[in-house]
Amino acid sequence: NKISSVYNLKVKDIEAAIAYKDINTARRHIAALKTLAKWHLRNGHPALHIELEKLILPKGKSRIPKAKEAKEFIEIREQAKELTRQGNRRGIWLGLMLNCGLRISEIQTAVPGADWVQVRGKGDKERRIPCPPWLVKAMIDSPGSGRKGYIKKRQIIDRELRKLGHTHFHSLRHTYATILLHRGMLLDEIQKLLGHSSISTTQIYAQTKLPEGVNEL
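Quick look at the pairing of strand β3 (residues 126-130) now. Residue alternation in β3 divides its side chains into a buried set, R127 and I129, and an unburied set, E126, R128 and P130. Bridge count between strand β2 (residues 116-120) and β3: 5 bridges; the pairing is antiparallel. Each residue of the ladder has a partner; that of Q118, found in β3, is R128. With antiparallel pairing between neighbouring strands as the criterion, β2 and β3 make up a hairpin whose turn holds 5 residues, including G123 at a positive phi of roughly 70 degrees.

Spelled out as structure tokens, the structure:
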């Protein structure tokens, strides 16, 4: 059957299958195989895990994060504020991604505090992020769960925000991190705010900050 066929893959078969694929696509496919191999390993079947350990992949392509310009940041922030004044939960969603750097999937775990919001991110890890007063108030004044609440799964948030003309929601998180870096916050502090397990993930934002005075030199 299909599962046993995958389990019996050899490293040469895997290398042949990914030979002409985009490197980032290949890395995603290998990550999925490794997850399956761990499941087999726990059940006493190590063959696929052993084959994958023989595989050597080059590093993925490095991309500069696509952040919004400062003007766009202000426009979206003001739109989010206006929506919250109207009691529209879509303003909360925009604010949490733009002003707190949340992943869209983390919104369904967001709980407001005094001047912060607490969320549960990847690896089921909880963290607290400073949150502007207007956004905290909107969350407290709005129902959390329930049909009209702001606590919704990413599919619903995605669909509703697209009706406002927004796409590429992860760029809001990129904008949050980029602005903080350009205004002097250290990478390790940004790492904690974003919930990155490794500083190497946060370092992609360093590519957006250019050394000063180069043109004069």
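From this point, the discussion proceeds with the structure in view.
A few words now on a positive patch on the surface. A surface patch of like charges, here positive, comprises R27, K34, K38 and R42. Checked against the element boundaries, R42 lands in helix α3 (residues 23-42).

Right, let's talk about the sheet that holds strand β1 (residues 111-112) for a bit. In any sheet, the strands associate via hydrogen bonds between backbone groups, in a parallel or an antiparallel arrangement. In space, the 3 strands of this open sheet follow the order β1-β2-β3, with antiparallel pairing throughout. The open sheet has two edge strands, β1 and β3, and neither has a second partner.

So, on to unusual backbone geometry. Negative phi is the rule for most residues except glycine; trans is the rule for most peptide bonds. One non-glycine residue, D124, lies in positive phi territory at about 60 degrees. The topology assignment puts D124 in the loop between β2 and β3. By relative accessible area, D124 is classed as exposed at 56%. Phi is positive for H168, which is not a glycine, with a value near 50 degrees. Here H168 is to be found in the loop between α8 (154-162) and α9 (170-182). Judged by relative accessible area, which is 63%, H168 ranks as exposed.

Two faces make up the sheet, and in a regular strand the side chains alternate between them. Where burial is concerned, the two faces of β2 differ: the one with V117 and V119 is buried and the one with W116, Q118 and R120 is not. The pairing of β1 with β2 spans 2 bridges and is antiparallel. Counterpart to P112 in the pairing with β2 is V117. Taking the residues that link successive antiparallel strands as the turn, the β1-β2 hairpin has 3 residues.

Moving on, we get to the pattern of salt bridges. Applying the stated criterion to the full structure yields 12 salt bridges. Here E106 ties to R103 by a salt bridge, and the two come within 2.4 Å at their closest N and O atoms. Each member of the pair, E106 as well as R103, carries the same accessibility label: buried. Residues K137 and D141 are paired through a salt bridge, measuring 2.7 Å at the closest nitrogen-oxygen approach. Placement of the pair is K137 and D141 together in helix α7 (residues 133-141), with a separation of 4 residues, close to one helical turn. Exposure remark for K137: the relative accessible area of 53% places this residue in the exposed category. Residue classification places D141 among the exposed positions, given a relative accessible area of 53%.

Under the criterion given, the structure shown has 0 aromatic pairs. In this structure, R128 is placed above the aromatic ring of W116, and the distance from its NZ or CZ to the ring centre is 3.8 Å.

Our focus in this paragraph is α8. Buried residues of α8: I157, E160 and L161, and no others. Buried positions in α8, seen along its axis, are confined to an arc of 95 degrees and lie on one side of it.

So, how was this worked out
- Residues numbered from 1 in each chain as written.
- Predicted model: local features only at pLDDT ≥ 70, side-chain atom pairs only at ≥ 80, totals over all residues.
- Heavy atoms only, no water.
- Buried < 20%, exposed > 50% of the residue type's maximum accessible area, 1.4 Å probe, protein only.
- Helix = DSSP H or I, 4+ residues; strand = E, 2+ residues; numbered from the N terminus.
- Pairing = 2+ DSSP bridges.
- Patch = residues over 30% accessible without salt bridge, like charges linked within 9 Å, V, L, I, M, F, W, Y side chains within 5 Å.
- Areas by Shrake-Rupley, 256 points an atom, 1.4 Å probe, with all protein chains shown as cover.
- Salt bridge = Lys/Arg side-chain N within 4 Å of Asp/Glu carboxyl O.
- Lys, Arg positive; Asp, Glu negative; His and termini not counted.
- Charge placed at Lys NZ, Arg CZ, Asp CG, Glu CD.
- Phe/Tyr/Trp six-rings, centres within 6.5 Å; stacked < 30°, edge-to-face > 60°.
- Lys NZ or Arg CZ within 6 Å of the ring centre and 35° of its normal.
- Arc of directions from axis to C-beta.

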